[in-house]
Amino acid sequence: MTIIQLLLSALVIYITGEYILSQLSPVKNINIRDKYGYKITNGKIAEDLVADKLTEVFHEEVLTNLLVPTRTDLKTTEIDIAQVTTKGIFVVETKFRNGSIEGDIDSDYWMIDDDNAMQNPIKQNYYHIEALKESLGDTLQGIPIINVAVVVGDLTDKKGTAFSESYDNVFVFTDFNSIQQLSTLPDVITKEKVNNLTRQLQVYEATEEKLLEHAKRVEASMSV
């Protein structure tokens, strides 16, 4: 076999291996655009995985892409996922990342592979929760709103342990299957209250047009 044949054989083996690995990847990189031309990203797939798991665990309606009014110039803040259960209201921020992750609940940013900063999803979610509290007002009557961040992807914690932590009504998961842990929380509201609150939150579910308007406002604010 000549050197050229050997090189061609090695190239075929490499390409075949890369294809097989891409098919085994739990969440693939995709390049699909919606009708507005916006790319549908791995983040959207992450949201779908988390929403499906919440439905499986709690058997309650999962609301996605809620635009809740705020007093800021943006006028609204976007909640990825919300679900009312007998445990309280889950407000979920989802992210998709691959690599080595470092940070904690108090950090403004979490570092991925030392040079890629990601906004702390727990802190990001605080703003969502405060807007929701303000909008719901007395309706909450002490009902807990639980801050949940789920980072989906091939992640490792630089401290050598799984980057999953829980605090008082705050949970961080790097595996969407870990959402099952939320089922151990105590029941605090009735099924009737769950249904009533869900109906109240449904009014915040945004149309594609409203989401586009919100995205443009966010983009404009970042360019100032």
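Quick summary incoming for the structure in this document. This structure is a prediction, so every number in the text was calculated from the model and none was measured.

Scoring rules and cut-offs
- Residues numbered from 1 in each chain as written.
- Predicted model: local features only at pLDDT ≥ 70, side-chain atom pairs only at ≥ 80, totals over all residues.
- Heavy atoms only, no water.
- Phe/Tyr/Trp six-rings, centres within 6.5 Å; stacked < 30°, edge-to-face > 60°.
- Helix = DSSP H or I, 4+ residues; strand = E, 2+ residues; numbered from the N terminus.
- Buried < 20%, exposed > 50% of the residue type's maximum accessible area, 1.4 Å probe, protein only.
- Pairing = 2+ DSSP bridges.
- Expected span 1.5 Å × (residues − 1).
- Polar contact = N/O pair within 3.5 Å; in protein donor to acceptor, adjacent residues only side chain to side chain.
- Arc of directions from axis to C-beta.
- Contact = heavy atoms within 4.5 Å.

Observations concerning the packing of aromatic side chains
- Enumeration according to the criterion identifies 2 aromatic pairs in this entry.
- With centroids separated by 5.1 Å and ring planes inclined at 50 degrees, the aromatic side chains of Phe58 and Phe90 adopt a geometry described as tilted. Of this pair, Phe58 sits in helix α2 (residues 42–58) while Phe90 is found in strand β5 (residues 88–96), placing the two residues 32 residues apart along the sequence.
- Residue classification places Phe90 among the buried positions, given a relative accessible area of 0%.

Notes on the pairing of strand β7 (residues 109–112)
- Here β7 shows a buried face lined by Trp110 and Ile112 and an unburied face lined by Tyr109 and Met111.
- Here 2 bridges tie strand β6 (residues 99–102) to β7, and the two strands are oriented antiparallel to one another. Looking at the pairing, Ile101 lines up with Ile112 of β7.
- The hairpin turn running from β6 into β7, its antiparallel successor, is 6 residues long, and Gly103 in that turn takes a positive phi close to 160 degrees.
- In this structure, β7 lies alongside strand β8 (residues 116–119), joined through 4 bridges in antiparallel fashion. By the bridge assignment for β8, Trp110 is matched with Met118.

Thoughts on the environment of Gly99
- In this fold, Gly99 is placed in strand β6.
- Along the chain, Gly99 and Gly153 lie 54 residues apart, while their C-alpha atoms are 8.2 Å from each other.

Observations regarding helix α3 (residues 121–136)
- Between its first and last C-alpha, α3 extends 22 Å over 16 residues, near the 22 Å set by a 1.5 Å rise per residue.
- All of the buried residues in α3 are Pro121, Ile122, Gln124, Asn125, His128, Ile129, Ala131, Leu132 and Leu136.
- The N-terminus of α3 is capped by Asn120, whose side-chain oxygen sits 2.9 Å from the backbone nitrogen of Ile122.
- Gly137 occupies a position one or two residues after α3 and carries a positive phi of about 55 degrees.

Considering helix α4 (residues 191–202)
- Between the first and last C-alpha of α4 there are 17 Å, a value that for 12 residues agrees with the 16 Å anticipated at 1.5 Å per step.
- Taken as a whole, α4 has its buried residues at Val194, Leu197, Thr198 and Leu201. One side of α4 carries all its buried residues, which in axial view fall inside an arc of 105 degrees.
- Of the surrounding secondary structure, the elements contacted by the buried residues of α4 are β3 (62–69), β4 (76–85), β5 and α3.

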